[in-house]
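# Coordinate inspection notes
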Amino acid sequence: MITCAIVGATGLVGSTFLKVLEEKNLNIDEYVLLASKRSKGKVIKFLGKDFIVEELNEHSFDNNRFNFALFSAGGDISKKYSPIAAKNGCIVIDNSSAFRMKSDVPLVVPEVNIEKAFENNGIIANPNCSTIQAVVILNALKEYGIKRVIYSTYQAVSGAGHKGIVDLEENTSKKFPYKIVNNCLPHIDVFLENGYTKEEVKMIEETKKILNDDSIKITATCARVPVMNCHSESINIEFRDEFDILEIKQKLNLCDGIVVLDDIAKNIYPLNTFANGKDEVFVGRIRRDFSVKNGLNIWCVADNIRKGAATNAVQILEKLIERRLGN
């Protein structure tokens, strides 16, 4: 019997966990939905049944109650309860930033390094949403030798949760420092002493860890834009080796999890509306950067709540279950 807890089941990502799990219909015998005290007793329709949300507490994982748990309830909750779950024999897949850069916690994107998930000590980290879509592309092209990467991101308000969505819908600034309507804010997460934001540093450090390559030079600028859902990214890559642009497109087109939309004669390129509700990373505007030797420019878009959070975690869970069942 395989049991799974959904921690933060009533949140934006938590509710998407449920949607993706319904779509995939994994070989799981029992689910339990957990959330904060204020959500205790709430009834959620899932898999054709009514589930009553339980309050998360120190005893929720007693007696090896769960084999797996998907966490999306914030870093503080993850720091407190993930170790408790792991001590009780549960493998946690955590969507917060709490454990991502810890050396003994694998940081996993299934298309890139699923083997790391099998080396866990009870906790597996889900990367930052903007990092996930970027490394799927970089991994597909790593044979050319990635020398340097410049990230410029255009991130949707849904990445900031319900409050970010409200700021866009109601033209307020309760979540963001300025009104997001008619503005692009070059500010995601807190500013650090070096002038970068925490979001930018996450992308830099997580990319190196996932690709297992500290030699890559990476810089980033992350902006919040007045778009409801799906993150867009301009990625500039400098390779060590020469490449053929048609070969680059072919390699991307053959990769699992990537959809190439790149026909400039017909104005075909990735848009937020194309990616919304999808699990793939959409790639286009694939062209040489003529300002540097072996340079490449790429535009990509992905649903940050699905592939950037819920789907990536569920994909990890799916592989863990397959391994457990010997498939």
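Residues numbered from 1 in each chain as written. Predicted model: local features only at pLDDT ≥ 70, side-chain atom pairs only at ≥ 80, totals over all residues. Heavy atoms only, no water.

## Thoughts on the sheet that holds strand S2 (residues 30-35)
Pairing is parallel across the open sheet formed by six strands, whose spatial order is S5-S2-S1-S6-S7-S8. Of all strands in the sheet, those bounded by a partner on one side alone are strand S5 (54-55) and strand S8 (123-125). In this sheet, S8 lies alongside strand S7 (residues 91-94) in parallel orientation, the contact comprising three bridges. Residue pairing for S8: Asp-94 is matched across the bridge by Ala-125. Relative to the sheet, helix H9 (residues 306-325) contacts strand S1 (3-7), strand S6 (68-71), S7 and S8, its axis offset from that of S6 by approximately 175°. (Pairing = 2+ DSSP bridges. Helix = DSSP H or I, 4+ residues; strand = E, 2+ residues; numbered from the N terminus. Contact = heavy atoms within 4.5 Å. Axes fitted to C-alpha atoms, helices over the stretch in contact; angles between N-to-C directions.)

## Section: the sheet that holds strand S12 (residues 258-260)
To summarise the sheet geometry, strands pair through backbone hydrogen bonds and adopt either a parallel or an antiparallel arrangement. The strand order across the open sheet formed by six strands is S10-S9-S11-S14-S13-S12, and the pairing between neighbours is mixed. Each of the sheet's edge strands pairs with one partner strand only, and the pair in question is strand S10 (217-224) and S12. Along the sheet, successive strands turn relative to each other by an average axial angle of 25°, direction set aside. Direction of pairing for strand S13 (residues 281-289) relative to strand S14 (residues 295-302): antiparallel, over a ladder of six bridges. Its bridge partner being in S14, Val-283 is matched across the sheet by Cys-300. Set on the sheet, helix H6 (residues 198-211) makes contact with strand S9 (146-155), S10 and strand S11 (231-239); between it and S10 the angle comes to about 135°.

## Things to note about the nonpolar core
Among the nonpolar cores identified, the biggest contains 57 residues, and Phe-61, Leu-141 and Leu-252 are the most heavily contacted of them. At seven residues, the largest contribution of residues to this core is made by helix H4 (residues 129-140). The residues contacting Leu-141, other than those within four sequence positions of it, are Ile-237, Phe-239, Ile-248, Lys-251, Leu-252, Leu-296 and Ile-298. The next biggest cluster of nonpolar side chains, apart from the first, holds 35 residues, and it includes Ile-6, Ala-9, Ile-93 and Ile-305. (Core = buried A, V, L, I, M, F, W, Y, C linked by side-chain atoms within 4.5 Å. Buried < 20%, exposed > 50% of the residue type's maximum accessible area, 1.4 Å probe, protein only.)

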